[in-house]
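Residues per chain, in single letters:
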Amino acid sequence: MAEPVVLPKFEIQGDKPHWAVRAAWVTGGLFLFSVIGLGAVIAHHRNLETQAIIARAEAVARVKAEADAKIAAIAAAAKAQKDAELAARSAARLSAQSMPTTTVPSAGEEADPTSGVPGAIRTHHSRRLHYSHGGGKVNGGHTMSTPKTGGKAAANKPDAIDELLRKMK
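Since the model is a prediction, treat every value here as computed from it, not as a measurement.

*Asks:* Lay out the overall build of the chain with the relevant residues and their values.
*Replies:* Scanning the chain for helices and strands turns up two helices and zero strands. Looking at the chain as a whole, 4% of its 169 residues are labelled buried. Of all intrachain contacts in the chain linking residues separated by at least 6 positions in sequence, the fraction that spans at least 24 positions is 22%. Summed over all atoms, the accessible surface of the chain reaches about 14,800 Å², with 65% contributed by carbon and sulfur.

*Asks:* An account of the pattern of salt bridges is requested, with residue identities and associated values reported.
*Replies:* Taken as a whole, this structure holds two salt bridges when the rule is applied. With a shortest N-O distance of 3.8 Å, Lys79 and Asp83 are connected by a salt bridge. With Lys79 and Asp83 both in helix H1 (residues 19–98) and four residues apart, this pair spans about one turn of that helix. Residue classification places Lys79 among the exposed positions, given a relative accessible area of 56%. When its relative accessible area of 38% is taken as the criterion, Asp83 is described as partly exposed. With its nearest N and O atoms 2.8 Å apart, the salt bridge here joins Arg166 to Glu163. Here the residue Arg166 and the residue Glu163 both occupy positions in helix H2 (residues 160–168), the gap between them amounting to three residues, near one helical turn. Of the residues examined, Glu163 reaches a relative accessible area of 30% and is grouped as partly exposed.

*Asks:* Describe a nonpolar patch on the surface, with residues and values.
*Replies:* Together, Ile161, Leu165 and Met168 make up a nonpolar patch on the protein surface, roughly 350 Å² of accessible area in all. With respect to the secondary-structure elements, Leu165 resides in helix H2. Judged by relative accessible area, Leu165 falls into the partly exposed class, the value being 46%.

*Asks:* Can you explain the confidence of the model for the chain? Please cite residues and give values.
*Replies:* When pLDDT is averaged along the chain, the result is 76; 62% of the residues meet or exceed 70. Within the model, pLDDT remains below 50 along residues 135–145, and this stretch shows 18 contacts once partners closer than five positions in the same chain are excluded.

Parameters at a glance
- Residues numbered from 1 in each chain as written.
- Predicted model: local features only at pLDDT ≥ 70, side-chain atom pairs only at ≥ 80, totals over all residues.
- Heavy atoms only, no water.
- Helix = DSSP H or I, 4+ residues; strand = E, 2+ residues; numbered from the N terminus.
- Buried < 20%, exposed > 50% of the residue type's maximum accessible area, 1.4 Å probe, protein only.
- Contact = heavy atoms within 4.5 Å.
- Areas by Shrake-Rupley, 256 points an atom, 1.4 Å probe, with all protein chains shown as cover.
- Salt bridge = Lys/Arg side-chain N within 4 Å of Asp/Glu carboxyl O.
- Patch = residues over 30% accessible without salt bridge, like charges linked within 9 Å, V, L, I, M, F, W, Y side chains within 5 Å.
- pLDDT = per-residue confidence, 0-100.

Here's what the structure looks like:
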């Protein structure tokens, strides 16, 4: 046999894309990469905004809860103080009722002119004088004394408020 035949290598121009097509592919790839990157940045920004809104709402709720707790504590303290005052008044009233009415006042205490009992002790929580609101000129139209007793309430005429309080017990 004879020698092998060597055929020349032919290069066809159509095997490689044109440089303009390659440039279009590269530009399209960069555009796609930019759009994906921009979408990721926008999603991250929205996520941060959402977290900020949630954090702000939680902070407002926390401050409101603290303020409500302070108000509740102040209200509870006021209620406890009022209850303590009512208990002290009740205790003073009970101790005043249990004391004998014929006691003689000591040097620091004064006699209660409204009780009708001579020598009865007037405590801090005992009845107070109720002045009439007549047409007198003393203290801007309030008279400080009744015409019959000269400053003391009548012992045989109880107040209407005291009568109501006795009925409620």
